[in-house]
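Each chain is listed here by its residues.
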Amino acid sequence: QVQLVESGGGLVQAGGPLRLSCAASGRTFSTYSMGWFRQAPGKQRELVAAITSGRVTNYADSVKGRFTISRDNAKNTVHLQMNSLKPEDTAVYYCAAGTSLTLTSLYRYWGQGTQVTVSS
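Residues numbered from 1 in each chain as written. Predicted model: local features only at pLDDT ≥ 70, side-chain atom pairs only at ≥ 80, totals over all residues. Heavy atoms only, no water.

Could you give an account of the overall build of the protein, naming the residues involved and the relevant values?
Scanning the protein from terminus to terminus reveals zero helices and 11 strands. A globule of 120 residues ought to have a C-alpha radius of gyration of about 14 Å, and the protein, at 13 Å, matches this closely. Projected onto the principal axes, the alpha-carbon positions of the protein cover approximately 40 × 25 × 25 Å. Long-range contacts, defined as pairs at least 24 residues apart, comprise 55% of the intrachain contacts of the protein with a sequence gap of at least 6. Summing over all exposed atoms, the protein offers an accessible surface of approximately 6100 Å²; the carbon and sulfur share of this is 49%. (Helix = DSSP H or I, 4+ residues; strand = E, 2+ residues; numbered from the N terminus. Rg over C-alpha atoms; globule rule 2.2 N^0.38 Å. Contact = heavy atoms within 4.5 Å. Areas by Shrake-Rupley, 256 points an atom, 1.4 Å probe, with all protein chains shown as cover.)

In structure tokens form, the structure reads like this:
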């Protein structure tokens, strides 16, 4: 069992940075791939970035070069550094634990989400 709690969301101007954090409970955190997903109003949830236990990463094309995912297995945390934010990045961002770099269906544990709003 893994419980996830996101933090760091908020309102930011376009072009600015924001850093999301996810704190995980459970002794098996280091064995999971961790992902950040987002869901905007009226749209499907999409994978933004993911990282394996071995720190192999995967990014959505829309965020490559702007977002960076990282994890600290000693602290049971995963972060998403978001730079050069755009209004289209506005969404609820979710942290999740699973067994895939790409497949949403293989993410079993989810946080409650944190709102990110980018103003133009």
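With reference to specific residues and values, describe the packing of aromatic side chains.
What the rule picks out here adds up to five aromatic pairs. Relative to Tyr107, the ring of Phe37 has its centre 4.9 Å away and its plane inclined at 75°; by these criteria the two rings are edge-to-face. With Phe37 in strand β4 (residues 33-39) and Tyr107 in strand β10 (residues 107-110), this residue pair connects regions lying 70 residues apart in the sequence. You'll find Phe37 and Tyr107 in the same group, each marked buried. Among the aromatic residues, ring-to-ring pairing joins Phe37, Tyr94, Tyr107 and Trp110 into one connected group. The cationic tip of Arg45 hangs over the ring face of Tyr94; the distance from NZ or CZ to the ring centre is 3.9 Å. The lysine or arginine in question, Arg45, covers the ring of Trp110, its NZ or CZ lying 4.6 Å from the ring centre. (Phe/Tyr/Trp six-rings, centres within 6.5 Å; stacked < 30°, edge-to-face > 60°. Buried < 20%, exposed > 50% of the residue type's maximum accessible area, 1.4 Å probe, protein only. Lys NZ or Arg CZ within 6 Å of the ring centre and 35° of its normal.)

Go over the nonpolar core with me, naming the residues and quoting the values.
Membership of the largest hydrophobic core comes to 30 residues, with the highest contact counts inside it found for Leu4, Met34, Trp36, Leu80, Met82 and Tyr93. At the level of elements, β3 (18-25), β4, β5 (46-51), β7 (67-72), β8 (77-82), β9 (91-98) and β11 (114-119) are the ones that each hand at least two residues to this core. Discounting chain neighbours no more than four positions away, the residues touching Met82 are Gly16, Pro17, Leu18, Leu20, Arg66, Phe67, Tyr93 and Val116. If you look at the next biggest cluster of nonpolar residues, it comprises six residues, including Phe37, Leu47, Ala50 and Tyr107. (Core = buried A, V, L, I, M, F, W, Y, C linked by side-chain atoms within 4.5 Å.)

Describe the state of the cysteines, naming the residues involved and giving the relevant values.
In this structure the tally under the stated criterion is one disulfide. Through a disulfide, Cys22 is tied to Cys95; the S-S separation comes to 2.1 Å. Between Cys22 and Cys95, the disulfide has an S-S torsion of -80° and is therefore left-handed. A residue pair is termed long-range when its members are at least 10 positions apart, and Cys22 in strand β3 and Cys95 in strand β9 qualify at 73 residues. Relative accessible area serves as the criterion here: at 1%, Cys22 is assigned to the buried category. (Disulfide = S-S within 2.5 Å.)

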